[in-house]
Amino acid sequence: MKESIKEPMEEGFTSADYHFMARALQLAAKGLYTTDPNPRVGCVIVRYDQHTEGQVVGEGFHLRTGEPHAEIHALNAAGIKAEGATAYVTLEPCSHTGRTGPCAVALADARVARVVVAMVDPNPRVSGSGIQRLRDEGIQVEVGLLEQDARGLNPGFISRMQRKRPFVRLKMAMSLDGRTAMGSGESQWITGPEARSQVQRLRARSSAILSGVESVIMDDSRLTVRAEQLALDNAEAVSQRQPLRVILDSRLRLPLAAACLREPGRTLIITTEHHSDEKRQKLEAAGALIKVMPADQEGRIDLANMLSWLAEHEQINELLVETGATLAGALLEANAVDELQLFVAPTLLGGEARPLFALPGMTRMADQKRLTIKEIRAVGSDWRIIAEPRTD
């Protein structure tokens, strides 16, 4: 990142600047379920004069990959009124030509006078160059307004660009005594319909859903976005994009009749080299994609390698994990979980029921894995806890 881009955050901005950037963030959120693998971006173009505190002349947001970016929608709406105006953009305008032209050039061609950017683009192909291109055209550029809000819209895109792996969100549903299923494996349903609707929205915003084969076999999981449970006005449109289903199955145990193989979208089975070629061919004939990856020292799929591969080859931004105690515990042990969303039902399943996490070897208080609680909220008759693993 160029030194000229490292500016103090949120200094020197007016109340109008805050107002219009907040509106741009609202617009960006309209692409929450549809932009993948692109980031969610909003833009507002405002004309200032001596008689008003700012008049919106154009708005836009990015809807999906291959379609115009937020700035282009806003410029098209503003037309000639963009000249001399201020553009508020939640992410640095792009400076390269991909499926669409560079937005920095479009803003310069429209002769806007000022651009306020919430955050620098983490994409190395863009980072800082879009801002510099605008400045080279004589446009005033200010950076850092409501940056944390902008980052909160795109945790997966930022993670993929900066850490070369997805943002991993682990979702678990449990009873008040920390159990996920009866000893037999029966688990439907611990939580109520409102919580299940929230889970559907988590699925819808995710690039992929990850599960272990044991959980898929036990529940015959479909791992899909279901329109009837989304509780969104555009539920049918949202459910048209099904996240990639990723199943870790080192011995290719997934049944050929598994429900997930008959659902719309793709099912990717990640396995190791130790399996039957005949079973692999049958799974591929049933519609599965098979990816063979190296095993770790214990013969299990290497989780860090798997996450890196998903980011590089499948452009996975946000990875939602819905699985059992063993894989959930392994991800925590590998420090691969960025966020936990725990749905807690007001019920007790008893000591024979299955635990939330399998974390072997924890015998002392010093071994505990502490979390930072970010949010606790009622969801119907249940509670949702959002937490992050502590790194200290």
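All of these numbers come straight from a predicted model, not from anything done at the bench.

## Thoughts on the overall build of the chain
And step 1. Helix and strand counts for the chain stand at 13 helices and 16 strands.
And step 2. By the compact-globule yardstick of 21 Å for 392 residues, the chain fits well, its C-alpha radius of gyration being 23 Å.
And step 3. A principal-axis box enclosing the C-alpha atoms of the chain has dimensions of 70 × 45 × 40 Å.
And step 4. Within the chain, the proportion of its 392 residues that are buried is 51%.
And step 5. Considering only contacts in the chain between residues 6 or more positions apart, those separated by 24 or more positions represent 71%.
And step 6. By element, 47% of the accessible surface of the chain is carried by carbon and sulfur atoms, the whole surface being about 18,600 Å².
And step 7. Computing the positive centroid from 47 side-chain charges and the negative centroid from 51, the chain places the two 2 Å apart.

## Quick notes on the packing of aromatic side chains
And step 1. Following the criterion strictly, the structure yields two aromatic pairs and no others.
And step 2. With centroids separated by 6.3 Å and ring planes inclined at 80 degrees, the aromatic side chains of Phe20 and Tyr48 adopt a geometry described as edge-to-face. Here Tyr48 lies in strand β1 (residues 42-49) and Phe20 lies in helix α1 (residues 15-29), a separation of 28 residues in the sequence.
And step 3. Since its relative accessible area comes to 35%, Tyr48 is described here as partly exposed.
And step 4. Relative to Tyr88, the ring of Phe20 lies with its centre 5.7 Å away and its plane at 35 degrees, an arrangement referred to as tilted. Remark: Tyr88 occurs in strand β3 (residues 86-89) and Phe20 occurs in helix α1; sequence separation between them is 68 residues. For the pair shown, Phe20 and Tyr88 are each scored as buried.

## Observations regarding the UniProt feature "binding site: substrate" (unreviewed entry) in the chain
And step 1. In the numbering used here, UniProt assigns the feature "binding site: substrate" (unreviewed entry) to Ser187, Arg203, Leu223, Arg226 and Glu322.
And step 2. By secondary structure assignment, the location of Arg226 is in the loop between α8 (213-219) and α9 (227-230).
And step 3. Judged by its relative accessible area of 12%, Arg226 falls in the buried class.
And step 4. Not counting residues up to four positions away in its chain, the partners in contact with Arg226 are Gln200 and Arg203.

## What about the side chain of Glu339?
And step 1. Along the polypeptide, Glu339 turns up in strand β13 (residues 339-345).
And step 2. Look past the residues within four positions of Glu339 in its chain and what remains in contact with it is Phe167, Val168, Arg169, Leu170, Ile386 and Ala387.

## Quick look at the sheet that holds strand β5 (residues 140-143)
And step 1. A sheet is described by the order of its strands in space; here five strands give the open sequence β2-β1-β3-β4-β5, paired in mixed fashion. Both edges of this open sheet fall to β2 (52-61) and β5, since each of them pairs with a single strand only. Going from strand to strand, the sheet's axes swing by 20 degrees on average, the running direction of each strand aside.
And step 2. With four bridges joining them, β1 and β3 adopt antiparallel strand pairing. Across the sheet, the residue bridging to Val46 is Thr86, located in β3.
And step 3. Most of the contacts of α1 go to β1, to which it runs at about 150 degrees, and overall it touches β1, β2, β3 and β4 (114-117).
And step 4. Strands in contact with helix α2 (residues 70-78) are β1, β2 and β3; relative to β2, the strand with the most contacts, it is inclined by about 125 degrees.

## Observations concerning the nonpolar core
And step 1. Core analysis: the largest hydrophobic core is formed by 44 residues, its most contacted members being Met21, Ile45 and Val115.
And step 2. For this core, the element with the highest residue contribution is α1, accounting for seven residues.
And step 3. Other than its neighbours up to four places away in sequence, Met21 contacts Tyr88, Val89, Thr90, Val116, Val117, Ala118, Leu145 and Leu146.
And step 4. Among the nonpolar cores identified, the runner-up in size contains 32 residues, and Met172, Ile301, Leu331 and Val337 belong to it.

## Some thoughts on the sheet that holds strand β11 (residues 289-292)
Consider a sheet: its strands pair through backbone hydrogen bonds, and that pairing is either parallel or antiparallel.
And step 1. Read across the open sheet, the nine strands follow the order β11-β10-β9-β8-β12-β6-β13-β16-β15; overall the sheet is mixed. The sheet terminates laterally at β11 and β15 (371-379), the two strands that pair on one side only. Within the sheet, the average angular offset between the axes of one strand and its neighbour, ignoring direction, is 25 degrees.
And step 2. Relative to strand β9 (residues 244-248), strand β8 (residues 208-212) runs parallel, the two being bridged by five bridges. Bridging across to β9, Gly212 finds its partner in Leu248.

What counts, and where the lines are drawn
Residues numbered from 1 in each chain as written. Predicted model: local features only at pLDDT ≥ 70, side-chain atom pairs only at ≥ 80, totals over all residues. Heavy atoms only, no water. Helix = DSSP H or I, 4+ residues; strand = E, 2+ residues; numbered from the N terminus. Rg over C-alpha atoms; globule rule 2.2 N^0.38 Å. Buried < 20%, exposed > 50% of the residue type's maximum accessible area, 1.4 Å probe, protein only. Contact = heavy atoms within 4.5 Å. Areas by Shrake-Rupley, 256 points an atom, 1.4 Å probe, with all protein chains shown as cover. Lys, Arg positive; Asp, Glu negative; His and termini not counted. Charge placed at Lys NZ, Arg CZ, Asp CG, Glu CD. Phe/Tyr/Trp six-rings, centres within 6.5 Å; stacked < 30°, edge-to-face > 60°. UniProt positions renumbered as here; feature names shortened; annotations may be inferred. Pairing = 2+ DSSP bridges. Axes fitted to C-alpha atoms, helices over the stretch in contact; angles between N-to-C directions. Core = buried A, V, L, I, M, F, W, Y, C linked by side-chain atoms within 4.5 Å.

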